[in-house]
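Observations on the three-dimensional arrangement
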Amino acid sequence: MSSSTSTTLPDSSEEAHAEDHHALPFWRQYIFSSDHKIIGIQYGFTALVFLAIGFFLMMVMRWSIAYPTSEIPLVGKMLGERWAPNGVISPDLYNMFGAMHGTIMVFLGIVPLAFGAFGNFVTPLQIGAPDMAFPRLNMASYWFYFLGGVVMFGSFFLESGAAKVGWTNYSPLATTTDTEFASIFWTGQTLWLLGMVFLISSSLLGAVNFITTIINLRARGMTWMRLPFFVWAMLVTGFLLLLAFPPLEVAAIMQLMDRLAGTSFFLPTGLYAGGERLDISGGGSPLLYQHLFWFLGHPEVYVLILPAIATVAEVIPNNTRKPLWGYKSMVYAVMVLGFLSFIVWAHHMYLTGMGTAVSTFFQTTTVLISIPSVILVTSLLISLWGGSIRFTVPMLFATAFLPMFGFGGLTGLPLAFNLIDLHLHDTYYVIGHFHYVVAPGTIFGLFAGIYYWFPKMTGRFMNNFLGHLHFWPSLICMNGIFLPMMIQGMAGFHRRAFDGGQTYEATTERFLWMNELTSWSAWLLAVAQIPFIFNLFWSIRFGRKANSDNPWDATTLEWSTPTPPPHGNFPTEPVIYRNPYEYSQPGAAKDFTPQWIPDEEIEKAAPEKAKAKAKS
Amino acid sequence: MEIPYTVTARPDTGLWNAKIGIWLFLASEVMLFGGLFSGYVFLRLGVTEGIDNPWPTRQLIVWPGFVNTIVLIASSVFVVFAWAELKMRNFARYQFWMRLVVLCALVFLGLKSYEYYGKFTHHGMKFEDDSVVEGVLQQDRIEFTATELSLSPGKGGLEFLKYLKDGTAPVFKTADGEEVRLTSSWIKNLRKSSGGVDAPAAVVLKPAAPLEFSFNPKKVQAYTGEELTFRDATVFKGALKDDKIYFEVHDIDLRMVEDDAGAMVFSYLGDARKDAYLEHRDAELKKAEEDGRAADPYDTDLMHIHPESHGAAHGETHGNETGGEGAADGHGYPVIEVERDHKKFLSNHGPAYNTYYAIYFTLTGLHGLHVLIGALVLTYFLFFQKKLYQKNPEHLANRVEVGGLFWHFVDLVWIFLFPIMYLM
Amino acid sequence: MESTPEEIRKHVKAYKVVGYTLIAFTFITVAVAKVPFLDVGAHGLTGGDITVGLLIASFKASLVALIFMHLNAEKSLIYKVLLFTVFFFFGLMFLSLFELWNPIRQIFLVPGT
Ligand code: HEM
Ligand SMILES: [Cu+2]
């Protein structure tokens, strides 16, 4: 990693730009491209594919939960006798799909889509930069991600199958699983770790690149407080990745050593597995793994949510035609949030037998962190107040984001208290909590982003009707999935039961029917994505043409470029004159005053109109 | 538009891009090594007396680490010299200093490899009662003469052929008298014809003459005097020849044993050595008392003895311990033959030996990787950047500064590694 | 950055001095650990030995960071980044305290305490 930074850092820009980009062969222009927009689209496309794969795994799991002993329709036989005898999903396969669902969604789906795709495409445009600071590093970070994805996905086809012990991959179970194979290297558990090392390297390179770009490549006049909120969120996200991922890398390296070199970092003395004493020195600590994992794990959840909040913060002012309410407080809130997110991690570990003093400390910081979260959501809510809202499709997703994310965040508060968490830990309540944040939260935010920036990427709008057909069923199904989970969780349903709790019928009976409700909602949610997928491809060619470079009448800099933006982005160096969300300014003829228009060139409103505006 | 500030600094931040980039990267490196150091402290504090292995202190030979510290410090000085010469536009002298830097890196890596080699050729074995011997492993094999083997077509493979004593591919006969040569294509056909992974029936094969195997014990699932199961479930019938562990003892360590005199090692080393050990121990304890210091359980002088320097003369001991002349080697250390089920854990002083060596190898290995990569980058700057220098000397100076920052960081990590691994 | 050759020549002198200091302190660390009458306390975690070793190491590391890596005169932005990093680094080092402050472990797991 280090070599690539030090060698490619300084020289990357100049040579890549010296050549005329259009003269490049196809594979340099579209495959091994160093242009941030192409890389962004590559990230986006790959991430959407992984999201679909992760979704598929989940649908299979939901069948097992709702109808544990019956054959899965359509795909049952394709999964193979070994994993699904007679088409009935085996507990082993359920575990495998569960672990990989989480891993794929978090590390291969959402982060690449939010940070990799939107971050790459939008950030340089919004700050007026010709590209990322280190374009070749940017390319390297995409290909590391791709490699990580290939390793992860490839592990499904090994004899051992893919990783099986949850997306958190806790040791000692993770270390002692799959050790019976001839080569411990070629097992899912090992490749998971290897894949993580690639993904972490990718994120680290990306983070270095983003932060440098934002610090050093802002155009003239783009002062810190004129940055669009999206850029702020990217900056904070970059820092989270930069500083939180290395400890996970340590955990992955240590676990790799445990598996391959026979060390005992996470294995205590006298450990037995499968009735046999392990041939290890012992002396390690499973708690060490959890600390290192969650040191990343909690900042990671903010990596998942911040880009989505920020996308929503772009879409809302654009559609309420009002400045973002409390821009400055949002900026400070997001910084505090990033800071605090590093010192709350052990709220995931209340049940590990940590000391009470430690529990209390983390309980306190966890409650504290909800303050900046609430500031963000409240500012966005107030931004809606008194606006003449245009309910475009991106705005629909953005407005739905607010209550959904709010619900997810509020359900986190009870979890923050260790006494309550004793009851709720590892139940469906936790699953419900974080899915409310990431599914109807983050994913809706990202959908908003796709619908919003699509015209900049392609010059065409996505279809409005199909957008509605996508949005409303999705909203209903999302709640159909996750609301029952909260109830089941409070009733004590364990999060990892492959049969959805039927084994414990005596206590779970009253709530078992919800398994079917959830599962059907999940499958219907899949159906609801069909209009979206169709819309995405169809609109590239046949969507309604955007009539200008700024079809949403937006104020931020990405809308000043030609469509789609050429290599180098801006024909002439942009200069920034004002704050990012100057909508409906008194005295202006139009209801938006873009950042890049000098004061002299703003069309003045007719005098009487201006007066009327000033009065209201 | 071109990407700005690749060589010159941006006025308001005062920095060019790569300078920010490298510092951010170093920040993440701080967290990376921080995680490992934190792991070190965690593991060391987590040692529970009486349960876990005691944390070894001052076990490494100090001089290679010491020399390496000096070498890295020197290279750090040379790299700033190189950079300064570039700033003064003195290419030849830049190259001179940079050569020295790369040379230092090579010396460092050479010494490190020498140290690693020493660890990998030194062994330790823990007995069931937690007494420990350290020294050199002579042999750890399960030798077995097979007259028949049955292969389970589902899981079984041909891995066991690796453990044949003479490498010639033997000929087998099946129960039906059919002659087979074991090849991977034969096994594939067998698998196909017998119904895949879950095939129940094993195929019984008889070799023309009894086969001598010398198995790696890790690959053996279970064995008795007449039967041995390989880990892919292939079963061998025949006779066990030898399963003892031959170990050349240099030191013993009884910190985990409550009753020194009854320690299992002494049933192998013999009474003479036991008495010598106890005498030595008591003398040390007494000396500690006289000096007015607490008997330090970590003190290697107290707890390890060198068998050849205590107790009976060499000639005798060989006879007692090993029951045969040939079992002792030239160093005068006794070689013991240990029953396999008296062994609790056996390993060389590689990462698996205990958590100390685990973190030692992980940390120094990762650090060594950084040295290697840094050296490669600096070598690149040394030999392949003359053109850039002629075109834009400041650009090369910037690059060397970035490479140098990385190099200093690597030095900085070692400055902490040296005391915590070698001295404390 | 130091741009004029004279300034740089001055710096080079400083680099030399720092280099010798670092080497001198390397000797001191080893001496403190190895020479009996300099040896501080017991080895292991309880003795003064670790404190002294780490103090010397920190001093050496600061020299490298301040002089060789020019942190004595760097732009404020870099300090800000490093300040965050150092803070979280300490957060990370505190992991081990959780092992110590662990009443449950002390009561149930450790025999004889
Ligand atoms: C402000 C509010 C939040 C609070 C107080 C909070 C609190 C918690 C707590 C205490 C847990 C641990 C529950 C347990 O395992 O017993 C948890 C789990 C989780 N939270 Fe949150 N959370 C908040 C916001 C978020 C956000 C914004 C996200 C994501 C984008 C998120 C994602 C997660 C995830 C993924 C888990 C489960 C990890 C696992 O065990 O697999 N949380 N939350
Ligand atoms: Cu958390």
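To keep things clear, this report deals only with the structure shown in the data block.

Here the focus is the overall build of chain B. Within chain B, the regular secondary structure consists of 11 helices and 13 strands. Scored against the burial criterion, the 424 residues of chain B give a buried share of 59%. Considering only residue pairs separated by 6 or more positions, chain B has 76% of its internal contacts joining residues 24 or more positions apart. With the model as given, the accessible surface of chain B reaches about 17200 Å², and the carbon-plus-sulfur share is 55%.

In terms of nonpolar packing, the biggest core is built from 309 residues, with Phe229(A) and Met421(B) touching the most fellow members. When residues of this core are assigned to their parent elements, the largest contribution, 23 residues, is made by helix H8 (residues 229-260) of chain A. For Phe229(A), the contacting residues outside a window of four places in its chain are Ile309(A), Ala310(A), Ala313(A), Glu314(A), Leu324(A), Tyr327(A), Met330(A), Val331(A), Val334(A), Leu376(A) and Tyr581(A). Ile142(B), Tyr163(B), Val220(B) and Phe230(B) belong to the second largest nonpolar core, which has 23 residues in total.

This part is about the interface of chain B and chain A. In this complex, chain B contributes 54 residues to the contact, which on the side of chain A involves 64 residues. If you sort the residues of chain B by the area they bury against chain A, Met1(B), Ile3(B) and Leu24(B) come out on top, with a joint share of 15%. If you look at where chain B meets chain A, you find 1 salt bridge. Across the pair Arg277(A) and Glu128(B) runs a salt bridge, and its minimum N-O distance is 2.7 Å. When residues of the side of chain B that touches chain A are traced back to their parent elements, those giving at least two are helix H1 (17-45), strand E13 (343-348), helix H9 (355-383) and helix H11 (393-423) of chain B. A per-class count over the side of chain B that touches chain A returns 30 nonpolar, 13 polar and 11 charged.

In this section: a nonpolar patch on the surface. A contiguous nonpolar surface patch, about 520 Å² in accessible area, is contributed by Phe26(A), Trp27(A), Tyr30(A), Ile31(A) and Phe32(A). Classification of Phe32(A) as partly exposed rests on a relative accessible area of 32%.

Next up on the list: the coordination of the copper ion (ligand 2). Residues and elements named next belong to chain A. Protein ligation of the copper ion (ligand 2) involves His 298 (ND1), His 347 (NE2) and His 348 (NE2), the donor distances falling in the range 1.9 to 2.0 Å. Binding-site remark: the copper ion (ligand 2) is held by donors from one chain whose sequence spacing is H-x48-H-H. A distance of 4.6 Å spans the gap from the copper ion (ligand 2) to the iron atom of ligand 1. Of this pair, His 298 sits in helix H9 (residues 286-320) while His 347 sits in the loop between helix H10 (327-340) and helix H11 (356-384), placing them 49 residues apart in sequence. With respect to burial, His 298 and His 347 carry one shared label: buried.

What counts as what
- Here, residues in each chain are numbered from 1, in the same order as that chain's written sequence.
- Chains and ligands are labelled sequentially in the order written, the chains with letters from A and the ligands with numbers from 1.
- Totals for whole chains, interfaces and linings use all residues, but because this is a predicted model, local features are given only for residues with pLDDT of at least 70 and pairs of side-chain atoms are given and counted only at 80 or more.
- Just so you know, side-chain values use all the structure's heavy atoms and leave hydrogens and water out.
- To qualify as a helix, a DSSP run of H or I must reach at least 4 residues; to qualify as a strand, a run of E must reach at least 2; elements of each kind are numbered from the N terminus.
- Residue burial is assigned from relative accessible area. The probe radius is 1.4 Å, only protein chains are included, and a residue is buried under 20% of its type maximum, exposed over 50%, and partly exposed in between.
- Working rule for contacts: check all heavy atoms of both residues, and any pair within 4.5 Å makes them a contact.
- In short, Shrake-Rupley with a 1.4 Å probe defines the accessible areas, and a residue's cover is counted only from the protein chains shown.
- Nonpolar cores were defined as sets of buried Ala, Val, Leu, Ile, Met, Phe, Trp, Tyr and Cys residues, with membership established by side-chain atoms within 4.5 Å.
- Buried area is calculated as the accessible area (1.4 Å probe) missing from two parts once they are joined, with the contributions of both summed.
- Here a salt bridge means any side-chain nitrogen of Lys or Arg lying within 4 Å of a carboxyl oxygen belonging to Asp or Glu.
- Under this grouping Gly is polar, as are all residues other than the nonpolar Ala, Val, Leu, Ile, Met, Phe, Trp, Tyr, Cys and Pro and the charged Asp, Glu, Lys and Arg.
- Candidate patch residues must exceed 30% relative accessible area and have no salt bridge, after which like charges are joined if within 9 Å and Val, Leu, Ile, Met, Phe, Trp or Tyr side chains if within 5 Å.
- Only nitrogen, oxygen and sulfur atoms within 2.8 Å of the metal, or 3.2 Å for Na, K and Ca, are treated as donors, and water is left out, so sites may look incomplete.

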